[in-house]
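Here is how the chains run, residue by residue.
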Amino acid sequence: MLLGAFFCFVAAASWGAMFPVAHSAFEHIDPFYFTLIRYIGVTVILVPLLLWKEGKKAFRLEGRGLHLWFFGTMAFVVYNLLIFWGEDLLGEPGIMVASVMEALMPMISIVIVWVLFRNRPERFTSLCVIVSFIGAMFVITKGNFTAFLTGVDQIIPSLFIFIAVVGWVIYTMGGDQFKGWSVLRYSTLTCLLGTLTALVVVTGVTLTGYISVPTVEVLQATYPHLLFMIIFPGLIALLGWNFGVSILSPINALLFINFTPLTTLAVSIFQGYHITVFDIVGTVFIIVALVSNNMYIRLEKHQLSKQQMSESLRENIS
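Just so it is clear, the model here is predicted, and its values are computed rather than measured. (Residues numbered from 1 in each chain as written. Predicted model: local features only at pLDDT ≥ 70, side-chain atom pairs only at ≥ 80, totals over all residues. Heavy atoms only, no water.)

**What about the overall build of the protein chain?**
Helix and strand content of the protein chain: 13 helices and zero strands. Across the protein chain, helices and strands are ordered from the amino to the carboxyl terminus as α-α-α-α-α-α-α-α-α-α-α-α-α. When each of the 318 residues of the protein chain is scored for burial, the buried share is 50%. The long-range share in the protein chain, meaning contacts at least 24 apart out of those at least 6 apart in sequence, stands at 86%. Accessible area of the protein chain: about 15700 Å², with a carbon and sulfur share of 70%. (Helix = DSSP H or I, 4+ residues; strand = E, 2+ residues; numbered from the N terminus. Buried < 20%, exposed > 50% of the residue type's maximum accessible area, 1.4 Å probe, protein only. Contact = heavy atoms within 4.5 Å. Areas by Shrake-Rupley, 256 points an atom, 1.4 Å probe, with all protein chains shown as cover.)

Below is the structure:
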């Protein structure tokens, strides 16, 4: 249990730290090449690791290549490219916006399940979803809702970040379709296929002239940021989170997602970024909603378990 908690904490804290680190890197490099180079590095580590642990047979797609490509694209193209592009477009406020959107993942997954599978959540859970989205809007708008709604330069980047987070939620849910596969195998194959797709996308964007291939000087200026992103939010968080979830169960692991915006706040304050009261209040709203819903689900499961035990006892007596 302690090992699972440790990995989930490290993963969530790494995700929280990556947004301030990325913001610093964007002073030198665009988010497209930043993301591509990062996941090329992660792939170069994962592929030999999977080959060593499970052998060549682990690279067989088993007729599921399209699914692996789709989920890899959701994670390593839609999520990673859009969340950092949106953060970069928003400037310094994008650090907290990206972080709180990340913390909304559990609530977004509830909405996705509701929409796609008609699995309506309990009223209390619905209330928690609403509270969490209100908290997100505080962070995004900084309390000025009118300016946000009339400013395309804010709405579009925020929409990019939201779509990105939905992409990661879909990727996470896709893991259920590969039961029997190791965490390492699913992570490696989706990362490999997703990174290849990201390479095609970034090449296409480069040909339009919107971005350019980073120079040696740019790479020298950003290599500490890239090294951190490859090792912690990339490799350790990707594998550690999935490993931690397998030990703790999703309901317990999701509590650790609260450390994402908290870590972002701490790192941002340390780096001297301006944190508003709306950032703090919005983060508190999201954390309270996540914890409250988690405790409610626990209570519901406990009561259901007691009811089932009681009914079983009555049947045995009769």
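**Here we look at helix H2 (residues 31-54)**
For H2, built from 24 residues, the straight-helix expectation of 34 Å at 1.5 Å per residue is met to within 8% by its first-to-last C-alpha distance of 33 Å. Where H2 begins, the side chain of Asp30 points an oxygen toward the backbone nitrogen of Phe32, at a separation of 2.9 Å. Where H2 ends, the next residue or the one after it, Gly55, has phi of about 80°, a positive value. (Expected span 1.5 Å × (residues − 1). Polar contact = N/O pair within 3.5 Å; in protein donor to acceptor, adjacent residues only side chain to side chain.)

**Looking at the nonpolar core**
Ranked by internal contacts, the top residues of the largest apolar core, which has 87 residues, are Ile83 and Tyr171. For this core, the element with the highest residue contribution is helix H3 (residues 65-90), accounting for 14 residues. For Ile83, the residues in contact, after removing those within four places along its chain, are Phe19, Val78, Ala98, Glu102, Ile161, Ala164 and Val165. (Core = buried A, V, L, I, M, F, W, Y, C linked by side-chain atoms within 4.5 Å.)

**A short note on the pattern of salt bridges**
With the rule as written, the count across this model stands at one salt bridge. The salt bridge partner of Glu62 is Arg185, with a shortest N-O separation of 3.1 Å. With a gap of 123 residues between them, Glu62 in the loop between H2 and H3 and Arg185 in helix H9 (residues 183-208) connect regions that are remote in the sequence. (Salt bridge = Lys/Arg side-chain N within 4 Å of Asp/Glu carboxyl O.)

**Side note on the packing of helix H5 (residues 105-117) against helix H6 (residues 123-141)**
At a minimum axis separation of 10 Å, H5 and H6 run at an interaxial angle of 130°. The angle between H5 and H6 places the two elements in the oblique class. Here the hand of the crossing between H5 and H6 comes out left-handed. For the pair H5 and H6, the contacting residues are Met107, Ile108, Ile110 and Val111 in the first and Thr125, Cys128, Val129, Ser132 and Phe133 in the second. (Axes fitted to C-alpha atoms, helices over the stretch in contact; angles between N-to-C directions. Parallel < 35°, antiparallel > 145°, perpendicular 65-115°, else oblique. Left-handed = near helix turned anticlockwise from the far one by under 90°.)

**Some thoughts on a nonpolar patch on the surface**
A cluster of nonpolar side chains, Ile130, Ile134, Val277, Phe278, Ile280, Val281, Val284, Phe285 and Val288, forms an exposed patch at the surface whose accessible area comes to about 710 Å². Elements supplying a minimum of two residues to the nonpolar patch: H6 and helix H13 (277-317). Ranked by residues supplied to the nonpolar patch, first place goes to H13 with seven residues. With respect to the helices, strands and loops of the structure, Val288 is situated in helix H13. The class of Val288 is partly exposed, set by a relative accessible area of 45%. (Patch = residues over 30% accessible without salt bridge, like charges linked within 9 Å, V, L, I, M, F, W, Y side chains within 5 Å.)

**Focus on the side chain of Thr43**
By the element assignment, Thr43 lies in helix H2. Within the structure, Thr43 has its side chain in polar contact with the backbone oxygen of Tyr39 (distance 2.7 Å). In this structure Thr43 touches Pro48, Cys191, Leu192 and Thr195, once residues within four positions along its chain are discounted.

**Focus: the packing of aromatic side chains**
Enumeration over the complete set of coordinates arrives at 22 aromatic pairs. The interplanar angle of 50° and the centroid separation of 5.0 Å between the aromatic rings of Trp168 and Tyr171 together place this pair among those described as tilted. Residue Trp168 and its partner Tyr171 are both found in helix H8 (residues 152-174); the two are separated by three residues, about one turn of the helix. Of the two residues examined, Trp168 and Tyr171, each falls in the buried class. These aromatic residues form a ring-pair network of at least three members: Trp15, Tyr39, Phe76, Tyr79, Trp168, Tyr171, Phe178, Trp181 and Tyr186. (Phe/Tyr/Trp six-rings, centres within 6.5 Å; stacked < 30°, edge-to-face > 60°.)

**Some words on the packing of helix H1 (residues 2-25) against H3**
Packed helix pairs are specified by the crossing angle of their axes together with the interaxial distance, meaning the distance between the axes. Relative orientation of the contacting elements H1 and H3 amounts to 65°, with a least axis distance of 10 Å. Pair H1 / H3 crosses with right-handed handedness. Residue-level inspection shows Met18, Phe19, Ala22 and His23 of H1 in contact with H3, the latter providing Tyr79, Ile83, Phe84 and Glu87. Its residues assigned to classes, the contact of H1 with H3 shows six nonpolar, one polar and one charged. (Nonpolar A, V, L, I, M, F, W, Y, C, P; charged D, E, K, R; others polar.)

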